[in-house]
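Descriptive structure summary
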Amino acid sequence: MSFRRAPVRMQKPAKGSRLMYSSSDDVAVMKQLEAAHAPDGQEIDVKPILRVVEDIFVHADPTLGPVASPGTPVHGEALEDQALQASMRDALESLAFVIDRVATEIACKCSGSEDAHGSAMAILNMLAHFSWDAKLVIVLAAFGMNYGEFWLIAQNYSSNQLAKAVAILKQLPEILELSNAQKPRFDAVRSVIKTMLDVGKCVIKFKELPFQYITSDVEALSTALSHIPIAVYWTARSVVACASQITGLVGLGHGHLVATTEAWELSSLGHKLSNMCSHLEAQLGTCYKHIDEKKFMESYQSLIRLFETTQIDNMKVLKALIYAKDDLQPLVDGATKKRVLSDSLSLISILSILFAASVIIE
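This structure is a prediction, so every number in the text was calculated from the model and none was measured. (Residues numbered from 1 in each chain as written. Predicted model: local features only at pLDDT ≥ 70, side-chain atom pairs only at ≥ 80, totals over all residues. Heavy atoms only, no water.)

This paragraph deals with the overall build of the chain. The helix and strand inventory of the chain stands at 12 helices and 2 strands. The linear arrangement of helices and strands in the chain, starting from the amino end, is α-α-α-α-α-α-α-α-α-α-α-β-β-α. Counting across all 362 residues of the chain, residues that qualify as buried make up 40%. By sequence separation, contacts in the chain at least 24 residues apart represent 77% of the contacts at least 6 residues apart. For the chain, the exposed surface amounts to about 20500 Å²; the carbon and sulfur share of it is 57%. (Helix = DSSP H or I, 4+ residues; strand = E, 2+ residues; numbered from the N terminus. Buried < 20%, exposed > 50% of the residue type's maximum accessible area, 1.4 Å probe, protein only. Contact = heavy atoms within 4.5 Å. Areas by Shrake-Rupley, 256 points an atom, 1.4 Å probe, with all protein chains shown as cover.)

Below, the structure is given as structure tokens:
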């Protein structure tokens, strides 16, 4: 089933304030997002893809994260992890083609004269059948491909003949020679990219919540779920804006002067997206607190049931009292420094240990 975008026109704001949309504008956008959202129920683990996308951004610009050495991405070791590679292959089997299509769409939208809202909605309409977390990661991955290719050429044009030839056609050497003039542009793009990654990580954390301990009727979760679509939209808007800045560099040459409004627009987008991310993180913290309370009550009720049930020995009760999770051995043998809790350990032994400890303390 196909969905048409709702015929809602966003009022054109005054010059100099076109990014400062009010909540009523977001409500209008939300209606369009809902009309274009028809998930098919397919569950895709996009977390490994987001980690690779982060590698691209950090490799292209190490200031986005810590690196072990020059040219090494922050998660470089993750690309060699066999388990991660397996999960990533599974995800890419169904997403690689879509990511490539979206990357092409982003490049086309950035080179044309379409408005940013229309471009973002066109991209999200292509992803109607995906969940919100998948939409967000696909858009970031598509932008990451374009962004990574740009910097791959820019960083290697002086040492690689193929990169040099392509860079010359794109006039990238001239652009990089004017690095000081381009600094506001790159700084603004860098800041927005970092915020977009933060939003992506936060949205995935909501997807990973243990829903046996929290349901959508919990206010913090329901609030977050209602705000995630608009956060995905503004991420797509930010991707279009960042991609436009990078695309706009190609072929500019020495005659280009950076307009301060371009950096301001990105800064405004980054600020709006950062506020949304902070709000989602606050709701996530409340969700974690709710989950911890549920787990505590579950453990408490389990203890009550254990005490009310006749036990053959005291081991279940002891394990539940001392360390009730992850099967970690709760006691340490003073001689060997190893954690122990053998099945032969009796209540008398435990009491003796506790009594000896109390004597030492006294």
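This next bit is on the packing of aromatic side chains. Summed over the entire model, instances satisfying the criterion amount to 7 aromatic pairs. On the basis of an interplanar angle of 40 degrees and a centroid distance of 5.7 Å, the ring pair of F57 and F143 is categorised as tilted. Here the residue F57 occupies a position in helix α2 (residues 47–60), and F143 occupies one in helix α5 (residues 132–156), the gap between them amounting to 86 residues. A relative accessible area of 0% places F57 in the buried class. Owing to a relative accessible area of 1%, F143 belongs among the buried residues under this scheme. Among the aromatic residues, ring-to-ring pairing joins F57, F143, Y147, F150, W151 and F186 into one connected group. Seen from the ring of W132, K135 lies directly overhead, with NZ or CZ sitting 4.9 Å from the centre. (Phe/Tyr/Trp six-rings, centres within 6.5 Å; stacked < 30°, edge-to-face > 60°. Lys NZ or Arg CZ within 6 Å of the ring centre and 35° of its normal.)

Turning our attention to α2. Between its first and last C-alpha, α2 extends 20 Å over 14 residues, near the 20 Å set by a 1.5 Å rise per residue. Regarding α2, the residues found buried are P48, I49, L50, V53, E54, D55, F57, V58 and A60. (Expected span 1.5 Å × (residues − 1).)

Another aspect to go through is the environment of C110. Secondary-structure assignment places C110 in helix α3 (residues 82–111). Taking the C-alpha atoms as reference, C110 lies 8.3 Å from G248; in sequence the two are 138 residues apart. Once residues lying within four places of it in the same chain are set aside, the contact partners of C110 are V240, A243, S244 and T247.

In this section: the nonpolar core. One finds L33, I106, F143, Y147, M196, F206 and Y233 to be the most contacted residues of the largest nonpolar core, which totals 82 residues. For this core, the secondary-structure elements that each account for two or more residues are α1 (23–35), α2, α3, α4 (116–125), α5, α8 (179–207), α9 (219–247) and α10 (260–308). Top contributing element to this core by residue count: α9, with 16 residues. (Core = buried A, V, L, I, M, F, W, Y, C linked by side-chain atoms within 4.5 Å.)

Applying the stated criterion across every chain, the model contains 0 disulfides. Lacking any disulfide linkage, C202 is separated from the closest cysteine sulfur, that of C277, by 5.2 Å. (Disulfide = S-S within 2.5 Å.)

Time to look at α4. With 8 of 10 residues buried, α4 lies mostly within the body of the structure. The distance from a side-chain oxygen at the start of α4 to the backbone nitrogen of H117 is 3.3 Å, and the residue carrying that oxygen is D115. (Polar contact = N/O pair within 3.5 Å; in protein donor to acceptor, adjacent residues only side chain to side chain.)

So, on to the pattern of salt bridges. Within the structure shown, the criterion is met by 6 salt bridges. Of the charged contacts, one joins K194 and D198 as a salt bridge, the two residues approaching to 3.6 Å between their closest N and O atoms. A residue pair is termed a helical-turn pair when its members lie 3 or 4 positions apart in one helix, as K194 and D198 do in helix α8 at 4 residues. Take D198: its relative accessible area is 26%, and that puts it in the partly exposed class. Each of the salt bridges in this network shares a partner with another, and the network as a whole consists of E43, D133 and K207. (Salt bridge = Lys/Arg side-chain N within 4 Å of Asp/Glu carboxyl O.)

So, about the packing of α5 against α9. Put simply, α5 and α9 touch, their axes get as near as 10 Å, and they point 10 degrees apart. For the element pair α5 / α9, the angle class is roughly parallel. Contact residues: α5 offers W132, K135, L136, V139, L140, F143, Y147 and F150, while α9 offers I228, P229, V232, T235, A236, V239, C242, A243 and I246. Here the contact of α5 with α9 is composed, by residue class, of 15 nonpolar, 1 polar and 1 charged. (Axes fitted to C-alpha atoms, helices over the stretch in contact; angles between N-to-C directions. Parallel < 35°, antiparallel > 145°, perpendicular 65-115°, else oblique. Nonpolar A, V, L, I, M, F, W, Y, C, P; charged D, E, K, R; others polar.)

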